[in-house]
Amino acid sequence: MARIENEIQYQGALKRVEELMDKLPDTTPEDDPEMVELILLGNLVAEYDAIHYPVGDPSLIDIIKLRMYEMGLTQTALAKLIGVSPARICDLLAGKCQPTLKMGRNISQKLNISPSIVLGV
């Protein structure tokens, strides 16, 4: 199979992938012709996606918000957990400030976020 060269081909391939995913059960053998088609088209779609729709790394703010959601924390509860004022958390989540070293350490430890993410490296 050739590469997907344009948006029209991409949309057609994506539609076919969705049709095949809905149609084929998880138990379909890999040598089934439609499963082979699904795998090949899936790889072509993924390649086109990576080139034309790259997804960047999430920001520290995005990760903190995700962790807050996962842990069921409000901004006030997060502030108390990491030992800062609610106003400071508000500024951090709005992108108006960066965490101090102490605040970053607490974010890393209390929210289980890698120090490299907190430090932006």
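Here, the structure is the one placed above.
Residues numbered from 1 in each chain as written. Predicted model: local features only at pLDDT ≥ 70, side-chain atom pairs only at ≥ 80, totals over all residues. Heavy atoms only, no water.

### Some details on the overall build of the protein
Thinking step 1. A count of helical and extended segments in the protein gives seven helices and zero strands.
Thinking step 2. Counting from the amino terminus, the protein carries its helices and strands in the arrangement α-α-α-α-α-α-α.
Thinking step 3. A globule of 121 residues ought to have a C-alpha radius of gyration of about 14 Å, yet the protein, at 22 Å, is considerably larger.
Thinking step 4. Along the three orthogonal principal directions, the C-alpha set of the protein runs to about 60 × 30 × 20 Å.
Thinking step 5. Residue burial in the protein is summarised as follows: out of 121 residues, 28% are buried.
Thinking step 6. The long-range fraction of contacts in the protein, counting pairs at least 24 apart against all pairs at least 6 apart in sequence, stands at 50%. (Helix = DSSP H or I, 4+ residues; strand = E, 2+ residues; numbered from the N terminus. Rg over C-alpha atoms; globule rule 2.2 N^0.38 Å. Buried < 20%, exposed > 50% of the residue type's maximum accessible area, 1.4 Å probe, protein only. Contact = heavy atoms within 4.5 Å.)

### Describing the nonpolar core
Thinking step 1. Ile64, Leu78, Ile89, Ile107, Leu111 and Ile113 are the most contacted members of the largest nonpolar core, which has 17 residues in total.
Thinking step 2. For this core, the secondary structure elements donating two or more residues are helix H3 (60-71), helix H4 (75-82), helix H5 (86-93) and helix H6 (101-111).
Thinking step 3. No other element matches H3, which puts four residues into this core.
Thinking step 4. Not counting the four nearest positions on each side in its chain, Ile64 is found in contact with Leu78, Leu92, Leu93, Ile107, Leu111 and Ile113. (Core = buried A, V, L, I, M, F, W, Y, C linked by side-chain atoms within 4.5 Å.)

### Quick look at the packing of helix H1 (residues 7-23) against helix H2 (residues 33-52)
Thinking step 1. Closest axis-to-axis distance for the H1/H2 pair is 9 Å, and the angle between their directions is 140°. On the basis of the axis angle, H1 is oblique to H2. Helix-helix and strand crossings are classified by hand; for H1 and H2 the assignment is left-handed. Within the contact between the two elements, H1 uses Glu7, Tyr10, Ala13, Leu14, Arg16, Val17, Leu20, Met21 and Lys23 and H2 uses Glu34, Glu37, Leu38, Leu41, Gly42, Val45, Tyr48 and Asp49. (Axes fitted to C-alpha atoms, helices over the stretch in contact; angles between N-to-C directions. Parallel < 35°, antiparallel > 145°, perpendicular 65-115°, else oblique. Left-handed = near helix turned anticlockwise from the far one by under 90°.)

### As for the pattern of salt bridges
Thinking step 1. If you walk through the whole model with that rule in mind, you get six salt bridges.
Thinking step 2. The partner of Arg16 in a salt bridge is Glu37, with the nearest N and O atoms 3.0 Å apart. Pair noted here: Arg16 is in helix H1 and Glu37 is in helix H2, with a separation of 21 residues, a long-range link.
Thinking step 3. In this structure Arg16 comes out as partly exposed when scored by relative accessible area, which is 26%. (Salt bridge = Lys/Arg side-chain N within 4 Å of Asp/Glu carboxyl O.)

### Quick word on H1
Thinking step 1. Across its 17 residues, H1 extends 24 Å between first and last C-alpha, which sits within 8% of the 24 Å expected from 1.5 Å per residue.
Thinking step 2. Every buried residue of H1 is listed here: Tyr10, Ala13, Val17 and Leu20. Each buried residue of H1 lies within a common arc of 95° when the element is viewed along its axis, so the set occupies one face. Exposed residues pointing more than 90 degrees away from the buried face of H1 are listed as Ile8, Lys15, Asp22 and Lys23.
Thinking step 3. Buried residues along H1 sit against H2.
Thinking step 4. Residue Asn6 occupies the N-cap position of H1, its side-chain oxygen lying 3.1 Å from the main-chain nitrogen of Ile8. (Expected span 1.5 Å × (residues − 1). Arc of directions from axis to C-beta. Polar contact = N/O pair within 3.5 Å; in protein donor to acceptor, adjacent residues only side chain to side chain.)

### Focus: the side chain of Thr28
Thinking step 1. Note that Thr28 resides in the loop between H1 and H2.
Thinking step 2. What makes Thr28 buried here is its relative accessible area of 13%.
Thinking step 3. Only 2.8 Å separates the side chain of Thr28 from the backbone oxygen of Pro25, close enough to count as a polar contact.

The analysis is restricted to geometry; functional conclusions fall outside its scope.
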